[in-house]
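Each chain is listed here by its residues.
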Amino acid sequence: MQFIDLSRQQLLIRDKIEMRIKRVLDSGKYIMGPEIVELEEKLADYVGIQHCITCSSGTDALLMSLMAQGIGPGDAVITTPFTFIATAEVIKLVGATPVFVDICPDTFNINPVLIPDAIEYAKKQGLNPKAIIPVDLFGLPAPYMEIEKIAAGHGLFVLEDAAQGFGGEISGRKACLFGHAAATSFFPAKPLGCYGDGGAVFTSDDDLAHILRSIRVHGGGADKYDNVRVGINGRLNVLQAAVLLEKLAIFPDEVLRRNRAAEYYSNNLPASYRGPIVPKNYLSSWAQYSILLETPQDRVRVIKKLKEQNIPAMIYYKISLHLQKVFDYLGYERGDFPVSEKTSENILSIPMHPYIKTSEQDKILEALHAAA
Ligand SMILES: Cc1ncc(COP(=O)(O)O)c(C=O)c1O
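The sections below set out a description of the structure shown in this document. (Residues numbered from 1 in each chain as written. Predicted model: local features only at pLDDT ≥ 70, side-chain atom pairs only at ≥ 80, totals over all residues. Heavy atoms only, no water.)

### Overview of the packing of helix H2 (residues 34-47) against helix H8 (residues 238-268)
Here H2 crosses H8 at 25°, and the two axes come no closer than 8 Å. Classified by the angle their axes make, H2 and H8 are roughly parallel. In the crossing of H2 with H8, the sense of the turn from one axis to the other is left-handed. Across the interface between the two elements, Glu35, Ile36, Glu38, Leu39, Lys42, Leu43 and Tyr46 from H2 touch Val238, Ala241, Ala242, Leu244, Leu245, Leu248, Phe251, Pro252 and Val255 from H8. When grouped by side-chain class, the residues that make up the contact of H2 with H8 number 13 nonpolar, no polar and three charged. (Axes fitted to C-alpha atoms, helices over the stretch in contact; angles between N-to-C directions. Helix = DSSP H or I, 4+ residues; strand = E, 2+ residues; numbered from the N terminus. Parallel < 35°, antiparallel > 145°, perpendicular 65-115°, else oblique. Left-handed = near helix turned anticlockwise from the far one by under 90°. Contact = heavy atoms within 4.5 Å. Nonpolar A, V, L, I, M, F, W, Y, C, P; charged D, E, K, R; others polar.)

### Some details on the state of the cysteines
Applying the stated criterion to the full structure yields zero disulfides. Cys176 provides the cysteine sulfur closest to Cys52, a residue in no disulfide bond, and the two sulfurs are 8.5 Å apart. We classify Cys52 as buried; its relative accessible area is 2%. Cysteine Cys55 remains unbridged, with the sulfur of Cys52 as its closest cysteine sulfur at 8.6 Å. The class for Cys55 is buried, based on a relative accessible area of 0%. (Disulfide = S-S within 2.5 Å. Buried < 20%, exposed > 50% of the residue type's maximum accessible area, 1.4 Å probe, protein only.)

### Examining the layout of surface pockets
A probe matching the size of a water molecule, rolled over the atoms, marks out where space remains unfilled. The space that makes up the largest pocket amounts to roughly 500 Å³. Lining the largest pocket are 28 residues, with Phe84, Gln164, Ser185, Phe187 and Lys190 sitting closest to its centre. Among the elements of the structure, helix H3 (58-68), helix H4 (86-93) and strand S8 (181-185) are those that each provide at least two residues to the lining of the largest pocket. Of the residues in the lining of the largest pocket, the class split is 14 nonpolar, 10 polar and four charged. Estimates place the volume of the second largest pocket at around 250 Å³. Forming the walls of the second largest pocket are 13 residues, and the residues nearest its centre are Met32, Arg213, Val217, Lys224 and Arg235. Residue composition of the lining of the second largest pocket, by class: four nonpolar, four polar and five charged. (1 Å grid on protein atoms, 1.4 Å probe; cavity = no way out; pocket = protein on both sides within 12 Å on 5 of 7 lines; lining within 4 Å. Points joined across faces, edges and corners; volume = space filled by probe spheres on them.)

### Considering the sheet that holds strand S7 (residues 173-174)
Picture the strands of a sheet paired through backbone hydrogen bonds; they go either parallel or antiparallel. Ordered in space as S7-S6-S10, the three strands form an open sheet in which the pairing is antiparallel. In the strand order of this sheet, the two ends are held by S7 and strand S10 (282-283), each with one partner. Here strand S6 (residues 169-170) pairs with S7 via two bridges, running antiparallel. Its bridge partner being in S7, Glu169 is matched across the sheet by Lys174. (Pairing = 2+ DSSP bridges.)

### Some details on the packing of H3 against helix H7 (residues 206-216)
Relative to each other, H3 and H7 sit at 120°, their axes nearing to 9 Å. Between H3 and H7, the interaxial angle falls into the category oblique. Considering the relative orientation of H3 and H7, their crossing is right-handed. Residues Met64, Ser65, Met67 and Ala68 of H3 form the contact with H7, whose own contacting residues are Leu208, Ile211, Leu212, Ile215 and Arg216.

### Re the environment of Asp336
Note on placement: Asp336 falls in the loop between helix H9 (296-308) and helix H10 (338-346). The sequence separation of Asp336 and Leu323 amounts to 13 residues, and the corresponding C-alpha distance is 9.6 Å. Setting aside residues no more than four positions away along its own chain, Asp336 makes contact with His322 and Glu341. Within the structure, the side chain of Asp336 is placed 2.6 Å from the backbone nitrogen of Glu333, a separation counted as a polar contact. (Polar contact = N/O pair within 3.5 Å; in protein donor to acceptor, adjacent residues only side chain to side chain.)

### Looking at the side chain of Ser344
Looking at the element boundaries, Ser344 is found in helix H10. Among the residues examined, Ser344 registers a relative accessible area of 3% and is labelled buried. For Ser344, the residues in contact, after removing those within four places along its chain, are Phe82, Arg299, Ile315, Tyr317, Lys318, Ile319 and Ser320.

### Regarding H8
For H8, spanning 31 residues, the distance from its first C-alpha to its last is 43 Å, which sits close to the expected 45 Å at 1.5 Å a residue. At Phe251, H8 shows its largest kink, close to 50°, and the proline Pro252 lies no more than four residues downstream. Capping the start of H8, Asn237 holds a side-chain oxygen 2.8 Å from the backbone nitrogen of Leu239, two or three residues further along. (Expected span 1.5 Å × (residues − 1). Bend = angle between axes of the 7 residues up to and from the residue.)

### Looking at the site of the ligand
Around the ligand sit 15 residues, and of these Gly58, Thr59, Asp161, Gln164 and Ser185 come closest. The contact in question runs from an oxygen atom of the ligand to an N or O atom on the side chain of Thr59, over 2.5 Å. A distance of 2.8 Å separates an oxygen atom of the ligand from a polar atom in the side chain of Gln164. Protein contact buries 93% of the 380 Å² of open area that the ligand shows by itself. For the shell around the ligand, the elements supplying multiple residues, two or more each, are H3 and H4. Here the element with the most residues in the shell around the ligand is H3; it accounts for three residues. Residues that form the shell around the ligand fall into these classes: five nonpolar, eight polar and two charged. (Near = heavy atom within 4 Å. Areas by Shrake-Rupley, 256 points an atom, 1.4 Å probe, with all protein chains shown as cover.)

### Considerations on the pairing of strand S1 (residues 51-55)
Across the five residues of S1, five count as buried, placing the element largely inside the fold. Covered by surrounding structure in S1 are His51, Ile53 and Cys55 together with Cys52 and Thr54, the residues of both alternating faces. Bridge count for S1 against strand S9 (residues 199-203) is five bridges, and the pairing is antiparallel. Pairing of Thr54 across the sheet is with Ala200, part of S9.

Shown next, in the form of C-alpha cells:
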C-alpha cells in the first residue's frame, strides 16, 4: 500500500497524457508554449477568478507574490508555525520578518482571534506589518471571512497559501479565490499535482497580475530584453502544463472521491482518536487525512502497529516552524505557540488519495482499532 498512490490515477489517463506530451515534443514550443495559456485559462475558470499565472513551484508562487507587493526588509509578514517550511521561507527570502500566530486546535489552521496581538507584537519589534499568509492546511481553507476582516482593518495584504488547498471551498467559493492573491503548488503529491515541480498564482487584481507576469520572466517590460524590475526564472515547464491539463479534467471527480474516502475514515475511526474537523460550509480537498492521538506515546504505538501491517503513515509537521533552527534568530521559544507544539507531538497522517479502496481503508482502520 502506498501513502499516495499516483499510479492508479496514471493508469486512467496515461494515453491522454502521452498524447499531450507528444504534441509538445512535436511542436518544438518548449518555453511558454500554448499549453501554458490553455492551462491558465482552464485553472482560472475552475477557480472562478480573472487571472492565473502559472509558475515553477508553489514556493515561487508565494515568493513572486511577496516580490510583486514590494515586501522586504523592515516588513513583518504574519503566518502560522504549523505549515511546510516554504510558507515562512519566502518571507525571509524577500528580507522581511515572519511573525507567527498559533493555530486553532480543531482545524489546525491559523487562529484569527490571535492575529491582532501578532500585529501589535510586530509593531513593538519596530516592524511594519504588511501581509498575512494563511495556509489551507491539509486541504481545508483557512477562516478567510474572519482573516479578511482583520486584514482590511490593518491594511494587510492577504496571500492565501493554497499549496495544499486547491479544490477546497467555503460556502461554494473555491480555494484560491480568497485574499488579494493565492498561491498553489502542483508538486506530485498535492491534490492537483503534475510530474515534477509546478505552481500558480491566482488574483483578480489586473495590476498585480501584470507585475507577476513580469516577475515570472526576469522582470521583463516591453520585451524580454527590457528589464524593469527584479524577477526570477519562474516559468512553468510546458510538459508539466500538458500533464496538468489532463489531470485537471478529472480533478472535480477526484475531489468527490477524496471526500467519500475521508467520510469513511471519519465514520469508522476508534472513538479515542480525533479525526479532522471540517467546519460547516467548508469543503476540504483532503491533501492529507490527519488524526490526532492523545499522547506522543500513543503515536509511537500506532505507527508501530501500522508498520507491522505495511501501512505507511507520515507526520506533518514534526517541528513547529518557530522551533526550527533556521528561525532561531527570531527569538521564539518552546511554549510560545502551545497548540501548534502539542499538535506536532500528537498528529499522524494516514494514506489518502482519490483511488484508495474501501478494502485498504478497512485494513488501515483495523490496525488503528488494534492499536487503540
Ligand atoms: C503549505 C505549503 N506551502 C508551500 C509549499 C511549496 O510548494 P512547492 O513544493 O511546490 O514549492 C508546500 C508544498 O510542498 C506546502 O505544503
